[in-house]
Amino acid sequence: MDKKLVYFLCTGNSCRSQIADGFLKALGNDKYEVMSAGLEAHGLNPRAVATMNEAGIDISNHTSNVIDPEILNRADYVITLCGHADEHCPVISNKNVVKWHWGFEDPAKASGTEEEITAKFREVRDSIKDRIELFVKEGK
């Protein structure tokens, strides 16, 4: 069986796309080749790593990557996770790519106490997990 390539895109490939990448790798039953990238590479956010560790998923070895046009045009699914990436996504020449936008708040922009920031990361993580579970179950 050919694995479907899912390419998660965000602005900096530091939080949301990394969380989605980790969840689909963990929950996708090896049905998917999963990659993520950003319009820029901001580095892996340590809070994203910690929040995913709480969920039992280690993303500490992930790298923050810039969008690769070759991967973009080879993907079966291109999924943007923030409005900025959706608006500025490079042109996809492969007409068979399914492109979706799943908008999530940027937890890296959360402010307040450490507890409030951590709560925002958990909220976004759980929302992304719910969306990934739907994708794995229903393919949409």
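The preceding data block contains the structure.
Residues numbered from 1 in each chain as written. Predicted model: local features only at pLDDT ≥ 70, side-chain atom pairs only at ≥ 80, totals over all residues. Heavy atoms only, no water.

## Some details on helix α5 (residues 114-138)
An α-helical turn contains 3.6 residues, so a residue and the one three or four places further along point in the same direction.
Turning to step 1, where the next piece is worked out: The terminal C-alpha atoms of α5 lie 36 Å apart, and with 25 residues this matches the ideal 36 Å at 1.5 Å per residue to within 8%.
Turning to step 2, where the next piece is worked out: Taken as a whole, α5 has its buried residues at Ile117, Thr118, Lys120, Phe121, Val124, Arg125, Ile128, Arg131, Ile132, Phe135 and Val136.
Turning to step 3, where the next piece is worked out: Tucked into the core, α5 has its buried residues touching β1 (4-10), α1 (16-27), β2 (32-38), α2 (46-54), β3 (77-80) and β4 (98-101).
Turning to step 4, where the next piece is worked out: In the stretch just after α5, Gly139 is the one whose phi turns positive, near 70°. (Helix = DSSP H or I, 4+ residues; strand = E, 2+ residues; numbered from the N terminus. Expected span 1.5 Å × (residues − 1). Buried < 20%, exposed > 50% of the residue type's maximum accessible area, 1.4 Å probe, protein only. Contact = heavy atoms within 4.5 Å.)

## Looking at the sheet that holds β3
Turning to step 1, where the next piece is worked out: Spatial strand order, β2-β1-β3-β4: four strands in an open sheet with parallel pairing. For this open sheet the edge positions go to β2 and β4, each flanked by a neighbour on one side alone. Neighbour to neighbour, the strand axes of the sheet diverge by 20° on average, direction disregarded.
Turning to step 2, where the next piece is worked out: Both β1 and β2 contribute to a ladder of seven bridges, which runs parallel. Counted as the bridge partner of Val6 is Val34 from β2.
Turning to step 3, where the next piece is worked out: Helix-sheet contacts for α1 involve β1 and β2, and the interaxial angle to β2 is about 175°. (Pairing = 2+ DSSP bridges. Axes fitted to C-alpha atoms, helices over the stretch in contact; angles between N-to-C directions.)

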